[in-house]
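Structure at a glance
For reference, the chains in residue letters:
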Amino acid sequence: MNRWNIEEILFYGQNDRRVKIKFDTRSLNIITGESATGKSVLLRVVDYCLGASTCQIQKHVKDHCLAVGILWSNGEHTLFTGRDIPRRGKSHCEKCYIIRDCLASPAKHSDLHGNTSRSTAKELIETYFGIDELTIDERDSAPGLKVSIRHLTPYMFMPGSTLINESTLIYGLDDPKKSKHILQTVEYATGVLDGKTMRAKSKLKQLKEAREAQRRKLERIRQKQDDANIEAARLFTEAIEVGMISSETEEISLHNIKKIANWTPGSSLKSDGSELESLFEESERIIAQISEAKSRYRLAKRYHNDAINFGDSIEAQKHRLQYVELFDDIILDDNCPLCGNLSEKPSEILDGVRSAFKKVTIQQDYNHAIPSRIGRSLELEDSRINSLLKQKEVIDNRIESIISEREKERRIIRQRDRATHISGRASYFLETVEESQSEKAEQQLKATEARLEELSALWNESLHEEKLRFIETSISNSATEILSKLPSKSPLSGARIQFNLKSLTASIWPNDNERVDIGAIGSDQNYLSLHLAVILALHRNFIKNSSPVPSVIFVDQVSRPYYPREDHHKIINNPEVKPLKETIDALFNEITKNKGIQIILLEHAYFSSDPRYVAATKAQWGEEYGGGLIPDDWPLVG
């Protein structure tokens, strides 16, 4: 595939004004000039015309230009990519221009056509540049990363911030968001993966995840089926118990489960509860009578015991007083007949005892009949209690008999209710169980495994790693060779570069036993030479592997390590001229060796004594050359 180079960079102003900078394809092109004359604008214009989301073009150019454009060529076709400049307050302009195979770039802003949006313009550029339409790590639940021209532009730019950077080799790697996408697409850019294998790799990853998900799903279905079989057996057994299906039915099948689900209950039995209520009322009345009778019995029993105790007390008293009968014929002296003490009236004492004995005798006769009467009452109450208990027993038997019949009715009702419940469970079971579910899942898994086997022929992990290491080694060898022609100092001088393709980093090996990270290589000159060696080696790889990365490198000031920014662009006799000229010579040599590459060098230095340098210079900007990129007489854009 022929490489795309830049033929022209264009700036469009008001009143049909235009600035056109023409470049030689497959050559070293030099733009020299003083600071703030517009050299670095060129890099930003190219980035903007390749679909950047923000316009980083300097304010002076924005204020005087309506649009910018690039005319690309690959030797067979041309492509014009243009874009309007955003007006104040906006970060970018969506209006873009894409013109395929134009004979000449538009002469003025009003001639721009092929209007389109930024997203459409990027898609067209990607098509013309040969960027495969593919997505990395696409998911059903979230979109993947679509490979875009924006992922390839970092290999085109070596601005001052990158050229002598102590930690990053590629433009954009210091931006976390951009670096992630650059690293995701580097294998595509360098040819480790082409569109076909990249799609296969991405699809394989998805299919492997899908296969695992399908295996888990099939396992869940099988487990669910095991649970369903258990539930079906349970439903089947319960349905037989309540008489929904015949006990002779042995087959547990969906057909029989459907019969259970379609079972229709008969009418429920009902019963009048008035008789049972009256019996309970009668039972409660008898219980109350029994309670009253028992209370009377307990009271009579207490009276009976008291009467017996009282009779015993009277008997004992009478026994003590009965001795008075011994004194009926005795003549009393002055002593008491009972205690023998001297007494003035012994006869009165004796008369008192006789009177007490008489009263006790009368009371004993009266009290003798009381226990008998109370005993008869006790017998009556006991008989009454027994009678009431027998009545209650009869009523309880009747209640029990009725309840037993009622329980039979309830069992029938419960049986019907249970059958209805079983029927409902069977209906739910049929809704949640699909007979062919397992079979479908197995077919899906087999289809996924067949597709995996098919894609595995396109994507082989071990072969991919071999190819990655091969290209990584090739880039490392090229970078080491280029570095040997660039000025450098220890530890870089004579060292081998070991490039890591996956991380876009490099380590330095001054000898076989010593490794140095790029952060420790020292001077700006070393960083400059290392960055140039790596970017040029990458572009060798791009050409060899027909990468869609445009074959253009913008290098912003290789004199940066040697001359401060404020120095005049002309170089006078200075010891730093030698390493600078060695660097520029290396760039000329790379153009000769690496056919197809185009280097655009933005430089302060100007070697008027070097015919090659003079011939390669496409523009000189500064006071003595009539001003900068944008002429001073251009009107401001409203």
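Everything here concerns the structure above.
Right, let's walk through the structure included here. (Residues numbered from 1 in each chain as written. Predicted model: local features only at pLDDT ≥ 70, side-chain atom pairs only at ≥ 80, totals over all residues. Heavy atoms only, no water.)

1. With respect to the sheet that holds strand S4 (residues 67–73)
Strand order in the open sheet formed by 6 strands is S2-S1-S4-S5-S6-S7, with antiparallel pairing between adjacent strands. Sheet topology places strand S2 (18–22) and strand S7 (115–116) at the edges, where each strand pairs with a single neighbour. Pairing geometry for strand S1 (residues 5–12) and S2, over 5 bridges, is antiparallel. Bridge pairing in S2 places Phe11 opposite Val19. Strands S1, S2, S4 and strand S5 (78–84) of the sheet are contacted by helix H1 (residues 41–49), whose axis makes an angle of about 80° with S4. Contacting S4, S5, strand S6 (96–100) and S7, helix H3 (residues 118–129) runs over the sheet at an angle of about 25° to S6. (Pairing = 2+ DSSP bridges. Helix = DSSP H or I, 4+ residues; strand = E, 2+ residues; numbered from the N terminus. Contact = heavy atoms within 4.5 Å. Axes fitted to C-alpha atoms, helices over the stretch in contact; angles between N-to-C directions.)

2. Details of unusual backbone geometry
Between Ser490 and Pro491 the backbone carries a cis peptide bond, its omega angle lying at 10°. For Pro491, the location among the structural elements is in the loop between helix H12 (461–483) and strand S11 (496–500). Of note in the backbone geometry, Arg26 takes a positive phi value of approximately 55° without being a glycine. Of note, Arg26 is situated in the loop between S2 and strand S3 (28–33). For Arg26, a relative accessible area of 43% gives the class partly exposed. In the Ramachandran plot, Leu504 falls in the positive-phi region, its phi being about 55° despite a non-glycine side chain. Turning to its location among the elements, Leu504 is positioned in the loop between S11 and strand S12 (505–511). (Buried < 20%, exposed > 50% of the residue type's maximum accessible area, 1.4 Å probe, protein only.)

3. Side note on the packing of aromatic side chains
By the definition in use, this model includes 7 aromatic pairs. Centroid distance Trp72 to Phe129: 5.3 Å. Interplanar angle 75°. Geometry classified as edge-to-face. Here Phe129 lies in helix H3 and Trp72 lies in strand S4, a separation of 57 residues in the sequence. A residue is classified by how much of its surface remains accessible, and Phe129, at 0% relative accessible area, is buried. By the ring-pair criterion, three or more aromatic residues cluster together here, those being Trp4, Trp72 and Phe129. Cation over ring: Lys581 sits above Phe607, and NZ or CZ is 5.3 Å from the ring centre. (Phe/Tyr/Trp six-rings, centres within 6.5 Å; stacked < 30°, edge-to-face > 60°. Lys NZ or Arg CZ within 6 Å of the ring centre and 35° of its normal.)

4. What about the side chain of Ser73?
One can find Ser73 in strand S4. One polar contact links Ser73 to Glu7, side chain to side chain, over a distance of 3.3 Å. Sequence-distant contacts of Ser73, that is, excluding residues within four places in its chain, are made with Arg3, Trp4, Asn5, Glu7 and Thr78. (Polar contact = N/O pair within 3.5 Å; in protein donor to acceptor, adjacent residues only side chain to side chain.)

5. Side note on the nonpolar core
Counting residues in each nonpolar core, the largest one holds 120 residues, and the members touching the most others are Ile9, Phe11, Leu42, Val46, Trp72, Tyr155 and Phe554. If you tally residues by element for this core, the top one is helix H13 (residues 524–544), at 11 residues. In this structure, Ala228, Leu235, Ile245 and Ala261 belong to the second largest nonpolar core, which totals 15 residues. (Core = buried A, V, L, I, M, F, W, Y, C linked by side-chain atoms within 4.5 Å.)

6. Quick notes on the pattern of salt bridges
Counted by the stated rule, this structure contains 27 salt bridges. A salt bridge links Glu94 to Arg118; the nearest nitrogen and oxygen atoms lie 3.4 Å apart. You can see Glu94 sitting in the loop between S5 and S6 and its partner Arg118 sitting in helix H3, a full 24 residues away along the chain. Taking the relative accessible area as the measure of exposure, Arg118 reaches 19% and is therefore buried. (Salt bridge = Lys/Arg side-chain N within 4 Å of Asp/Glu carboxyl O.)

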